Amino acid sequence: MELTEVMTRLEALGTEQNRKVYRKHGAKEPLFGVSFGNLDKLKKEMKTNDALAEQLWNTGNTDARTLAVMIADPKTRTLEQLERWLSDIDYYCLTDMLVTHLASKSPLLPELLERWTASDREWVGRAGWQLMAHAAMKSKTLGEDYFLRQLERIEARIHSSPNRTRDAMNAALIAIGMRGEALEAAALAAAARIGKVEVDHGDTGCKTPDAAAYIAKAKSRKR
């Protein structure tokens, strides 16, 4: 499928209602307002296509960039390519999509965790801690000691970190607490010391979950 055809289809699938919602969450123009369900259908149709992904990204269109991260190849994306795309982003949903579809599946995962969680830049930091949350839930190679160290870093830095980074650090705290019993106890203790995490979600209905309550609720569901 050629770029022109994809852009035409994206435009046709966009709605004003979606544009309104996405703008509230921080999406920038140009923007068609394509639902994530329709983007997922396009992804399944196009499969992995790195060349087209680059073309879509370079349009600057938010919907096109979201589709780009869905069809790019996480196994072949270089560090330079991932960081170039991340440097273009100032919208948390797109940051999280890049983490979910590319960074979390990349062979560069350990390096990305180290580089991005160390950043003071809001969106890079968010990507790093969202990636940490993914690793806490999925990684079979990172051990308990590693995640205990991350709890220490979260506790030391969360209140002084940028807004959307803070939100992702809270998500990582929760994910680490859900990884196992020993980490659960450590995460709950860290959450008690941290206290309430304030995040400005703008003109949306989003709320910042209380880490301790969320971990306890997740545990009860497993029983």
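Analysis parameters
- Residues numbered from 1 in each chain as written.
- Predicted model: local features only at pLDDT ≥ 70, side-chain atom pairs only at ≥ 80, totals over all residues.
- Heavy atoms only, no water.
- Axes fitted to C-alpha atoms, helices over the stretch in contact; angles between N-to-C directions.
- Helix = DSSP H or I, 4+ residues; strand = E, 2+ residues; numbered from the N terminus.
- Left-handed = near helix turned anticlockwise from the far one by under 90°.
- Contact = heavy atoms within 4.5 Å.
- Nonpolar A, V, L, I, M, F, W, Y, C, P; charged D, E, K, R; others polar.
- Polar contact = N/O pair within 3.5 Å; in protein donor to acceptor, adjacent residues only side chain to side chain.
- Core = buried A, V, L, I, M, F, W, Y, C linked by side-chain atoms within 4.5 Å.
- Buried < 20%, exposed > 50% of the residue type's maximum accessible area, 1.4 Å probe, protein only.
- Phe/Tyr/Trp six-rings, centres within 6.5 Å; stacked < 30°, edge-to-face > 60°.
- Lys NZ or Arg CZ within 6 Å of the ring centre and 35° of its normal.
- Expected span 1.5 Å × (residues − 1).
- Arc of directions from axis to C-beta.
- Salt bridge = Lys/Arg side-chain N within 4 Å of Asp/Glu carboxyl O.

Details of the packing of helix H10 (residues 144-157) against helix H11 (residues 163-177)
Relative orientation of the contacting elements H10 and H11 amounts to 145°, with a least axis distance of 10 Å. Once H10 is placed against H11, the crossing between them reads as left-handed. Note on element contacts: H11 touches H10 through Met169, Ala172, Leu173 and Ile176, opposite Phe147, Gln150, Leu151, Arg153, Ile154 and Arg157. A per-class count over the contact of H10 with H11 returns seven nonpolar, one polar and two charged.

Focus on the side chain of Ser139
By the element assignment, Ser139 lies in the loop between helix H9 (122-138) and H10. At 3.1 Å, the side chain of Ser139 forms a polar contact with the backbone nitrogen of Leu142. When neighbours within four sequence positions are excluded, Ser139 is seen to be in contact with His134 and Arg179.

Remarks on the nonpolar core
Core analysis: the largest hydrophobic core is formed by 70 residues, its most contacted members being Leu10 and Trp116. Considering each element in turn, this core owes the most residues, nine residues, to H9. Setting aside chain neighbours within four positions, we find Leu10 in contact with Phe32, Val34, Leu39, Leu42, Asp63, Ala64 and Leu67.

Remarks on the packing of helix H1 (residues 3-13) against helix H5 (residues 62-71)
Relative orientation of the contacting elements H1 and H5 amounts to 115°, with a least axis distance of 10 Å. By crossing handedness, the relation of H1 to H5 is classed as right-handed. Each of Val6, Met7 and Leu10 in H1 lies in contact with H5, whose residues at this interface are Asp63, Ala64 and Leu67. Here the contact of H1 with H5 is built from residues that sort into five nonpolar, no polar and one charged.

Some points on the side chain of Gln130
Within the fold, Gln130 resides in helix H9. On the accessibility criterion, Gln130 (14% relative accessible area) is buried. Discounting chain neighbours no more than four positions away, the residues touching Gln130 are Asp96, Val99, Ala168 and Ala171.

A look at the packing of aromatic side chains
Scanning all chains against the criterion turns up four aromatic pairs. On the basis of an interplanar angle of 90° and a centroid distance of 5.2 Å, the ring pair of Tyr146 and Phe147 is categorised as edge-to-face. By the burial criterion, Tyr146 is buried, and Phe147 matches it. The cationic tip of Arg77 hangs over the ring face of Trp85; the distance from NZ or CZ to the ring centre is 4.5 Å. Cation over ring: Arg164 sits above Tyr92, and NZ or CZ is 4.1 Å from the ring centre.

As for H10
Spanning 14 residues, H10 covers 20 Å between terminal C-alpha atoms, matching the ideal 20 Å at 1.5 Å per step. Looking at H10, one finds that the buried residues are Tyr146, Phe147, Gln150, Leu151 and Ile154. One face of H10 carries all of its buried residues, which in axial projection span an arc of 145°. Away from its buried face by more than 90 degrees, H10 exposes Asp145, Glu152 and Ala156. Contact partners of the buried residues in H10: helix H8 (109-117), H9, H11 and helix H12 (181-194).

Considerations on the pattern of salt bridges
For the structure shown, the criterion picks out 16 salt bridges. Residue Arg23 is joined to Glu29 by a salt bridge in which the shortest nitrogen-to-oxygen separation is 2.9 Å. A relative accessible area of 36% means that Arg23 is categorised as partly exposed. Here Asp90 ties to Lys28 by a salt bridge, and the two come within 3.7 Å at their closest N and O atoms.

Re helix H2 (residues 16-24)
Taken together, the buried positions of H2 are Asn18, Arg19 and Tyr22. Summarising the axial view, the buried residues of H2 lie within an arc of 100°, below the 170-degree limit, and thus occupy one face. Looking at the buried positions of H2, the neighbouring elements they touch are helix H3 (36-46) and H5.

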